[in-house]
Amino acid sequence: MGRSLDVVPRSAVVGTAAIALGAGLVLLAGRAVLKRQAAVARRRIGKPLGEEALDADRVWARRFDGPPIEFVVLGDSIAAGLGAERRKDTLGARLAKGLARAERRPVRLRTAAIVGSESSVLAAQVDALPAGYRPDAAVIVVGGNDITHRVSVSTSVAHLEEAIVRLRARGAVVVVGTCPDLGALRPVPQPLRALGSRLSRQLADAQAVAAARTGARAVSLGRTVGPFFVTQPDEMFSLDRFHPSALGYRRTAEALLPALLTELAAAQEDAVSPR
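The structure presented is a predicted model; accordingly, all values stated were derived computationally and were not measured. (Residues numbered from 1 in each chain as written. Predicted model: local features only at pLDDT ≥ 70, side-chain atom pairs only at ≥ 80, totals over all residues. Heavy atoms only, no water.)

Novice: Teacher, can you tell me more about helix H11 (residues 246-272) here?
Specialist: Spacing of three or four residues puts side chains on the same side of an α-helix, whose turn is 3.6 residues. The terminal C-alpha atoms of H11 lie 38 Å apart, and with 27 residues this matches the ideal 39 Å at 1.5 Å per residue to within 8%. Bending of H11 peaks at approximately 30° at the position of Leu256, with proline Pro258 no more than four residues after it. For H11, every residue scored as buried is listed here: Gly248, Tyr249, Thr252, Ala253, Ala255, Leu256, Leu257, Ala259, Leu260, Glu263 and Leu264. (Helix = DSSP H or I, 4+ residues; strand = E, 2+ residues; numbered from the N terminus. Expected span 1.5 Å × (residues − 1). Bend = angle between axes of the 7 residues up to and from the residue. Buried < 20%, exposed > 50% of the residue type's maximum accessible area, 1.4 Å probe, protein only.)

And the structure:
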């Protein structure tokens, strides 16, 4: 009697098991390498800047007439301005000054961003705003810490969408600076840096889709300013080679400002257009 077609040869079973075992060992070895490299990166970067950004909250460009534009910045250490040595060089201040020059009005900056924040902290940042506070404009920059703490893209995006919806309900136009390209971080060894680059691009793309879905405008920081951080790391990064320098914040603000002005102009046009 011939062998049943349902009987798998023992050699095939052993071969499959060997392949699976080999793949598992490779995966475990890869994880161990990435874990060691993450520890190396943490040691190289350290915390020479501390964990508190400069306080840049004030009314900027008081020389202009009219009521101040209410402007709030939310997100992580980049949004907070960690790495800037002067408050006028923080991201919030750079944007406030650019906004004031373009609109010929003073701008009152409020920084809700907190160093080290993941997207999940955006809700608390919105909660911390005064109950009656109605910003004209908001900028959100977040995502890098979601990558380093292995937060899923879907979870990150859900928190971002909630924050956008809540800010728009307060009357703000919202601009999202999507997750920067972590592949620009030289202190992070390979292949961890390449993995961080791929994951940050995936999150940035998802953030852009989420922003469009909830009525915000997204600006790809990876595409607009990422190349400067790659080609000019000594100038673009601060002391820790992780956070932007004054020049890095200037380039980042220059990338975000046109979108902010476009959204404000559209909101102003809607406000005066007959219904």
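The structure having been displayed, the exposition proceeds.
Novice: I would appreciate a short explanation of the side chain of Thr178 in the present structure.
Specialist: With respect to the helices and strands, Thr178 occurs in the loop between strand S5 (173-177) and helix H7 (192-213). According to the relative accessible area criterion, Thr178 is buried, its value standing at 2%.

Novice: How do you make sense of the environment of Ile147 when you look at a structure like this?
Specialist: Summarising the element assignment, Ile147 is placed in helix H5 (residues 144-148). With relative accessibility at 14%, the residue Ile147 sits in the buried group. Residues Ile147 and Glu118 lie 29 residues apart in sequence; the distance between their C-alpha atoms is 8.9 Å.

Novice: Would you mind showing me how to read the packing of helix H6 (residues 153-169) against H7 here?
Specialist: To describe two helices that pack against each other, one gives the angle between their axes and the distance between the axes. Two elements in contact, H6 and H7, have axes separated by 9 Å at closest approach and are oriented at 30°. Where H6 crosses over H7, the handedness of that crossing is right-handed. Of the residues in H7, those in contact with Val153, Ser156, Val157, Leu160, Glu161 and Ile164 of H6 are Leu203, Ala206, Gln207, Ala210, Ala211 and Arg213. Of the residues in the contact of H6 with H7, the class split is 8 nonpolar, 2 polar and 2 charged. (Axes fitted to C-alpha atoms, helices over the stretch in contact; angles between N-to-C directions. Left-handed = near helix turned anticlockwise from the far one by under 90°. Contact = heavy atoms within 4.5 Å. Nonpolar A, V, L, I, M, F, W, Y, C, P; charged D, E, K, R; others polar.)

Novice: I'm lost on the nonpolar core in this one. Help?
Specialist: Taken as a class, soluble globular proteins show a tendency for nonpolar side chains to be buried jointly. Counting residues in each nonpolar core, the largest one holds 51 residues, and the members touching the most others are Phe71 and Leu256. Listing elements by their share of this core, those giving two or more residues are strand S2 (69-75), helix H2 (77-80), helix H3 (91-103), strand S3 (107-111), strand S4 (137-141), S5, H7 and H11. Per-element accounting of this core gives the leading share, 8 residues, to H11. What Leu256 contacts, discounting residues up to four positions off in sequence, is Leu91, Leu95, Val139, Val141, Val175, Gly177, Val219 and Leu221. (Core = buried A, V, L, I, M, F, W, Y, C linked by side-chain atoms within 4.5 Å.)

Novice: Which parts of the structure should I look at to understand the pairing of S2?
Specialist: Each regular strand shows side chains that alternate between the opposite faces of the sheet. Counting buried residues in S2 gives 7 out of 7 residues, a clear majority hidden from the surface. Side chains of S2 alternate between two faces, with Ile69, Phe71, Val73 and Gly75 and Glu70, Val72 and Leu74 buried alike. Pairing geometry for S2 and S3, over 5 bridges, is parallel. Residue pairing in the sheet places Phe71 in a bridge with Leu109 of S3. One ladder, built from 5 bridges, connects S2 with S4; its direction is parallel. Looking at the pairing, Phe71 lines up with Ala137 of S4. (Pairing = 2+ DSSP bridges.)

Novice: Explain the packing of H3 against H11 here, please?
Specialist: Their axes nearest at 8 Å, the elements H3 and H11 cross at an angle of 45°. By the angle between their axes, H3 is oblique relative to H11. Where H3 crosses over H11, the two elements pack in a sense that is right-handed. Seen from H3, the contacting residues are Leu91, Arg94, Leu95, Gly98, Leu99, Ala102 and Glu103; seen from H11, they are Ala246, Tyr249, Arg250, Thr252, Ala253, Leu256, Leu257, Leu260, Leu261, Leu264 and Gln268. Here the contact of H3 with H11 is composed, by residue class, of 12 nonpolar, 3 polar and 3 charged. (Parallel < 35°, antiparallel > 145°, perpendicular 65-115°, else oblique.)

Novice: How do you make sense of the pattern of salt bridges when you look at a structure like this?
Specialist: Where charged atoms from two side chains of opposite charge approach closely, those side chains can pair. Evaluated as defined, the whole model comprises 8 salt bridges. Residue Glu70 is joined to Arg108 by a salt bridge in which the shortest nitrogen-to-oxygen separation is 2.3 Å. On the criterion of sequence distance, the pair formed by Glu70 in strand S2 and Arg108 in strand S3 is long-range, its members being 38 residues apart. Look at Arg108 and you get partly exposed, because its relative accessible area is 33%. Taking the shortest distance from any N to any O, the salt bridge between Arg213 and Glu161 comes out at 2.3 Å. Here the residue Arg213 occupies a position in helix H7, and Glu161 occupies one in helix H6, the gap between them amounting to 52 residues. Arg213 sits in the exposed class, given a relative accessible area of 53%. (Salt bridge = Lys/Arg side-chain N within 4 Å of Asp/Glu carboxyl O.)

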